[in-house]
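What the coordinates show
Read off the chains here:
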Amino acid sequence: MVKADIVRSIELQMGLSHEEASQQVEQILEIIKNSLENGDSVLISGFGQWKVRSKKARVGRNPKTKDEYEISPRKVVTFYPSNVWRNELQKQANKG
Amino acid sequence: MNKSQLIDKLAVVTNQTNKVAEGSVNIFFGNIKQALSSGDKVEIRGFGSFFLKKYESYMGRNPKTGAKVLVPKKNLPFFRAGKDLREKVNE
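Attention here is on the structure that accompanies the text. A quick note: this is a predicted structure, and the numbers were derived from the prediction, not measured. (Residues numbered from 1 in each chain as written. Chains lettered and ligands numbered in written order. Predicted model: local features only at pLDDT ≥ 70, side-chain atom pairs only at ≥ 80, totals over all residues. Heavy atoms only, no water.)

1. A look at the overall build of chain B
What counts, and what does not: Secondary structure follows DSSP: runs of H or I at least 4 residues long count as helices, runs of E at least 2 residues long count as strands, and numbering of each begins at the N terminus. Our radius of gyration looks at C-alpha atoms and nothing else; its globule reference is 2.2 Å times the residue count to the power 0.38. Type-normalised accessible area, obtained with a 1.4 Å probe on protein chains alone, sets the label of each residue: buried when under 20%, exposed when over 50%, and partly exposed for intermediate values. Whether two residues are in contact is decided by their heavy atoms, any of which lying within 4.5 Å being enough. Under the convention used here, a 1.4 Å probe and the Shrake-Rupley method define accessible areas, while residue burial counts only the protein chains that appear. In this tally Asp and Glu are treated as negative and Lys and Arg as positive; neither His nor the chain ends contributes. For the purpose of locating charges, the reference atoms are NZ of Lys, CZ of Arg, CG of Asp and CD of Glu.
A tally of regular secondary structure across chain B gives three helices and five strands. For a compact globule of 91 residues, the expected C-alpha radius of gyration is about 12 Å, and chain B comes in at 19 Å, more than 25% above that figure. Principal-axis analysis of the C-alpha atoms gives chain B an extent of 60 × 30 × 30 Å. Residues counted as buried form 41% of the 91 residues belonging to chain B. A separation threshold of at least 6 residues defines the contact pool for chain B, and within that pool the share at least 24 residues apart is 28%. Looking at chain B as shown, the accessible area adds up to about 5,500 Å², and 49% of this sits on carbon and sulfur atoms. Separation between the mean location of the 17 positive side-chain charges and that of the 8 negative ones in chain B comes to 11 Å.

2. Focus on the interface of chain A and chain B
Inclusion rule: Defined here as a combined quantity, buried area equals the accessible surface (1.4 Å probe) lost by two parts on assembly, summed across both. Salt-bridge detection follows one rule: a side-chain nitrogen of Lys or Arg within 4 Å of a carboxyl oxygen of Asp or Glu. Pairs of N or O atoms within 3.5 Å make up the polar contacts considered here, provided that, within protein, one atom can donate a hydrogen while the other can accept it, and that residues adjacent in sequence are counted only when both atoms are side-chain atoms. Residues are grouped as follows: nonpolar covers Ala, Val, Leu, Ile, Met, Phe, Trp, Tyr, Cys and Pro; charged covers Asp, Glu, Lys and Arg; every other residue, Gly included, is treated as polar.
Contacts between the two partners involve 48 residues from chain A, matched on the other side by 48 residues from chain B. Both sides of the chain A and chain B interface together cover about 4,500 Å² of buried area, and 66% of this is carbon and sulfur. For B:Asp84, the salt bridge goes to A:Lys33, with nearest N and O atoms at 2.6 Å. Connecting chain A to chain B are 18 residue pairs in polar contact (both at pLDDT 80 or more). Those elements that provide at least two residues to the side of chain A that touches chain B are α1 (3-14), α2 (18-37), β1 (42-44), β2 (48-55), β5 (74-81) and α3 (83-93) of chain A. Of all the elements, α2(A) adds the most residues to the side of chain A that touches chain B, at 15 residues. Its residues assigned to classes, the side of chain A that touches chain B comprises 24 nonpolar, 13 polar and eleven charged.

3. Quick notes on the packing of aromatic side chains
Worth spelling out the cut-off: Two rings from Phe, Tyr or Trp (for Trp, the six-membered ring) form a pair when their centres sit within 6.5 Å of each other. Planes less than 30 degrees apart are called stacked, planes more than 60 degrees apart edge-to-face, and all others tilted. Note on geometry: a ring has a charge over it if NZ (lysine) or CZ (arginine) is within 6 Å of the ring centre and within 35 degrees of the ring normal.
Counted by the stated rule, this structure contains 16 aromatic pairs over all chains. Ring centres of A:Trp50 and A:Phe79 lie 5.1 Å apart, and the angle between their planes is 50°; this geometry places the pair in the tilted category. Of this pair, A:Trp50 sits in strand β2 while A:Phe79 sits in strand β5, placing them 29 residues apart in sequence. With respect to class, A:Trp50 is no different from A:Phe79; both count as buried. Ring pairing ties together the aromatic residues A:Phe47, A:Trp50, A:Phe79, A:Trp85, B:Phe28, B:Phe29, B:Phe47, B:Phe50 and B:Phe79, which thus form one cluster. Directly above the aromatic system of A:Tyr80 lies the positively charged group of A:Lys51, at a separation of 5.1 Å from the ring centroid. A cation sits over an aromatic face here: B:Lys53 above B:Phe78, 4.4 Å from the ring centre.

4. Side note on helix α2 (residues 18-37) of chain B
Applied cut-off: Helices are assigned an expected span. That span is 1.5 Å times one less than the residue count.
Given a rise of 1.5 Å per residue, 20 residues ought to cover 28 Å, and the 28 Å separating the end C-alpha atoms of α2(B) matches this to within 8%. One or two positions beyond α2(B), positive phi appears at B:Gly39, with a value near 90°.

5. Quick word on the sheet that holds β2(A)
Residue and element names in this part refer to chain A. Note the cut-off: Between any two strands, pairing holds if DSSP finds at least two bridges. Note on geometry: axes are C-alpha line fits, over the in-contact stretch for helices, and angles between N-to-C directions span 0 to 180 degrees.
If you walk across this open sheet you meet the three strands as β1-β2-β5, and the pairing is antiparallel. Here the strands that pair on one side only, and so sit at the sheet edges, are β1 and β5. Across the sheet, the mean angle separating the axes of adjacent strands is 25° when strand polarity is ignored. Both β1 and β2 contribute to a ladder of three bridges, which runs antiparallel. Pairing of Ile44 across the sheet is with Gly48, part of β2.

6. Some details on the pairing of β2(A)
Residue and element names in this part refer to chain A. Counting the residues in the hairpin turn of β1 and β2 gives three residues, including Gly46, whose phi is positive at 80°. Pairing of β2 with β5, which is carried by eight bridges, proceeds in the antiparallel orientation. Note that in β5 the partner of Trp50 across the bridge is Phe79.

The structure is reproduced here in structure tokens:
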């Protein structure tokens, strides 16, 4: 599934024009990205949470040449699925 | 930021009612969940991708008591941030 599939779905279910539905999807993504960019986590109940974590600098090694180099401190986005969703998937996995 | 704040912001920037924004947000996340449930993966350029990992059941142990327990099989969703999001967050 790609973005266009979600746009189509919103278009049909909400009765919006293609442009309007497309704008809804683009802005949902933009708002989430901006929040994470500011270091603010995003919590969607029933779905999950995105958090920004700071990682410390550490020594890395090129596995081929064994050269050591420093991996710079960085910020990464991590997604934690909600317990509700995890339980739904767990049930599905054990059905049949 | 939580879901209702996302809905409020979406309504403002797209100049739509809160009802429309709420519907869009629910369809957006509902579609991702449905796709993963049906074995599909979701790829959104610049944002990231969602995929499901399948884990078989195995015999585990309660680390406290040492008792054997069967850990049932499970499916877990994963998200990998896309290039644009990774770079934006790390700036």
